[in-house]
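# Commentary on secondary and tertiary structure
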Amino acid sequence: MSKPILEIERLNAWFGTQHVLKDVSLTAESQQITALIGPSGCGKSTFIRCLNRLHEVVPDATVSGSVKLSGTDIYGPGVDPVMIRRRVGMVFQKPNPFPTMSVYDNVAAGLRLSGTRRRAVLDERVEQTLRQAALWDEVKEVLHKSGASLSGGQQQRLCIARALAVEPEVLLLDEPCSALDPIATSKIEELLLVLKKTYSVLIVTHNMQQAARVSDFTGFFLLGELVEFGETGQLFTNPKDRRTEDYITGRFG
Amino acid sequence: MTPTLPLGRRLTNGIMLSLTGVCTVTVIGVLFFILGYITYHGISALDWNFFTKLPKPVGETGGGMANAIVGTLKLLLLASLIGVPIGFIGGVYLAEYGRKNTIGFLIRYAADLLNGIPSIVMGIFAYTIIVLPMGHFSTLAGGVALGIMMIPIAVRSAEEFIKLVPATIREAGLGLGLPEWKVVSFIVIPSAFRGILTGIMLDLARVAGETAPLLFTAFSNRFWSRGWLEPIASLPVMIYTYAITPYEDWHRQAWAAGLVLLILVLGANVISRLVLHRRLTG
């Protein structure tokens, strides 16, 4: 049996006075894919941004509640958000490679900027993570070209490689395929199924088929609340809550 | 049959299109007219001597402005040493830490006011704090006057270009578990570097042509200026002094000085862009 990697209890989040996340509690299992679905503006992106303390970098954004990463509360006193983000990597909605850096430098950025200088170490890690991200064969000839010169799907896999290069325990993906075409999307989905052997993955998606295809657990968010959370098969075939059923059957206004 | 648009819309379209066309031609036309006019008048007095010789006394023909060319370069170097670091670091502060607080507001307001101060007042200021205590005109005083003039534009352009870097780039850096100062120094600022450099080049170009603040700071010099504490010749002041004399030969040299100043500024601009472009794509 897998063990919990993230235990979230009564998580609340605000932008100024706007209460965008209300008493969300869920537990994500280690080496599983947890998908979060729900309509736009329901708080699912805010939710995963709370899991690596990125929510608080927005001015006036606040959080309460507890998030335990392998047992330690990431909002506990004296916890350095920088160390948390090192352990919880993130991939964003729009591919965002660092524009002034080459493919190689993008992947090496996290290590290099935290002090790893040895060329051999960097070379090895760059190749290894690009292979993990299923991108190596496509970019091995253009490692020193700008990361921005790749196609959208390649850029997103580059961003995944960049996040993996610092060896996080958890990988958060915020609608990683929403800017990609179906072929690029299926490549990312195949990749996620491989990555879950090593990492714990949380993915926010608008696409219910995607959640059903790749995830082990699914949570349904609505208006800042977690309406239902359970095994993916069960949630999609036999939802307990009426609102979940309405949403997944497309009856939702 | 192709449907035709109603007459009114075709008419409006035609008028607006011609209007934008006329404005475009005017803008480009004025620029090329100035460039052409200066080149036409300046090229005839431009020879090897102009770049290598000192000015000749009144009545003798020939001579050059070697000292003024070097003088302008020295003044600009001094101005950049003051204006660029202060402006750049101030801009980083405003964009990263002073977006909404009182200090940020004050800095921004002060920079905008400073930008509005007439350049001759800047000259008087440098005169008061440097020339008077030292008792004589100096390169230093001229450089300081120009350097202070550079600050407001450098601050605001650095701020604007750093703000243009998308928040997602900053968040990607933070998401890798990098401390904020590293994200700013090694990811955000390099992404804005091309814009910041363009801003600084424009800023330099602006002060390169300033005459008023130099009149009673750097003054001028018919000979080589040794070190940084003597008065020094500069192209704009030479243009000014030569243009108001009654001598035909000096008028031609003033045109040539104008052309050289223009080439210096344009050349620096083009070269910096080329170098940067090559570094980013190579």
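Residues numbered from 1 in each chain as written. Chains lettered and ligands numbered in written order. Predicted model: local features only at pLDDT ≥ 70, side-chain atom pairs only at ≥ 80, totals over all residues.

A few words now on the overall build of chain A. A tally of helices and strands in chain A yields 10 helices and 10 strands. Computed over its C-alpha atoms, the radius of gyration of chain A comes to 18 Å, within 12% of the 18 Å expected for a compact globule of 253 residues. With the principal axes as the frame, chain A shows a C-alpha extent of 55 × 45 × 40 Å. Residues classed as buried in chain A amount to 46% of the 253 residues present. Summarising the internal contacts of chain A: among those between residues at least 6 apart in sequence, 67% fall at separations of at least 24. (Helix = DSSP H or I, 4+ residues; strand = E, 2+ residues; numbered from the N terminus. Rg over C-alpha atoms; globule rule 2.2 N^0.38 Å. Buried ≥ 20, exposed ≤ 12 C-beta atoms within 10 Å, placed from the backbone. Contact = placed C-beta atoms within 7 Å.)

All names here are of chain B. Looking at chain B, the domain boundaries give domain 1 (7–45) and domain 2 (48–281). Here the C-alpha centre of domain 2 lies 29 Å away from the C-alpha centre of domain 1. In this complex, domain 1 contributes 7 residues to the contact, which on the side of domain 2 involves 8 residues. Of the residues in the side of domain 1 that touches domain 2, the class split is 3 nonpolar, 4 polar and no charged. (Domains from an automatic or database assignment. Nonpolar A, V, L, I, M, F, W, Y, C, P; charged D, E, K, R; others polar.)

Hydrogen bonding along the main chain pairs the strands of a sheet, whether they run parallel or antiparallel. All names here are of chain A. Pairing in this open sheet of 6 strands is mixed, and the strands run E6-E7-E8-E3-E9-E10 from one edge to the other. The open sheet has two edge strands with one neighbour each: strand E6 (88–91) and strand E10 (225–231). Across the sheet, the axes of successive neighbouring strands diverge by a mean angle of 15°, strand direction being ignored. Judged from the 6 bridges that link them, strand E9 (residues 217–222) and E10 form a sheet pairing that is antiparallel. Its bridge partner being in E10, Gly219 is matched across the sheet by Phe229. Taken strand by strand, helix H6 (residues 152–164) contacts E6 and strand E7 (170–174), and its axis lies near 170° from that of E6. (Pairing = 2+ DSSP bridges. Axes fitted to C-alpha atoms, helices over the stretch in contact; angles between N-to-C directions.)

Residue and element names in this part refer to chain A. Read from one edge to the other, the open sheet built from 4 strands follows the order E2-E1-E4-E5, with strand pairing classed as antiparallel. Since the sheet does not close on itself, it has two edges, and those belong to strand E2 (18–29) and strand E5 (72–73), each with one partner. Two elements, strand E1 (residues 4–15) and E2, share 8 bridges in a ladder whose sense is antiparallel. Its bridge partner being in E2, Pro4 is matched across the sheet by Glu29.

Attention now goes to the environment of B:Ala205. Residue and element names in this part refer to chain B. Inspection of the secondary structure puts Ala205 in helix H8 (residues 180–208). Given 17 C-beta atoms within 10 Å, Ala205 falls into the partly exposed group. For the pair Ala205 and Asn269, spaced 64 residues apart in sequence, the C-alpha to C-alpha distance is 8.4 Å. In this view, Ala205 contacts Val265 and Asn269; residues no more than four positions away in its chain are not counted.

Below, the discussion takes up H6(A). Residue and element names in this part refer to chain A. Counted at 1.5 Å a residue, the expected span for H6 with its 13 residues is 18 Å, and the 18 Å between its end C-alpha atoms agrees. The buried fraction of H6 amounts to 12 of the 13 residues, a majority that puts the element mostly inside the structure. Taken together, the buried positions of H6 are occupied by Gly153, Gln154, Gln155, Gln156, Arg157, Leu158, Cys159, Ile160, Ala161, Arg162, Ala163 and Leu164. (Expected span 1.5 Å × (residues − 1).)

Attention now moves to the environment of B:Glu171. Assignment of secondary structure puts B:Glu171 in helix H7 (residues 167–175). Residues within four places of B:Glu171 in sequence aside, it is in contact with A:Leu54, A:Val57 and A:Phe92.

Taken together, the 17 residues of chain B in the interface contact 22 residues of chain A. Mapped by element, the contributors of at least two residues to the side of chain B that touches chain A are H7 and H8 of chain B. By residue number, the principal contributor to the side of chain B that touches chain A is H7(B), which donates 6 residues.

Our focus in this paragraph is the packing of H6(A) against helix H7 (residues 182–195) of chain A. All names here are of chain A. Between H6 and H7, whose axes approach to 9 Å, the crossing angle comes to 20°. Of the possible angle classes, the one that applies to H6 and H7 is roughly parallel. Once H6 is placed against H7, the crossing between them reads as right-handed. Judged by residue contacts, Gly152, Gly153, Gln156, Arg157 and Ile160 of H6 engage Ala184, Lys187, Ile188 and Leu191 from H7. Its residues assigned to classes, the contact of H6 with H7 comprises 4 nonpolar, 3 polar and 2 charged. (Parallel < 35°, antiparallel > 145°, perpendicular 65-115°, else oblique. Left-handed = near helix turned anticlockwise from the far one by under 90°.)

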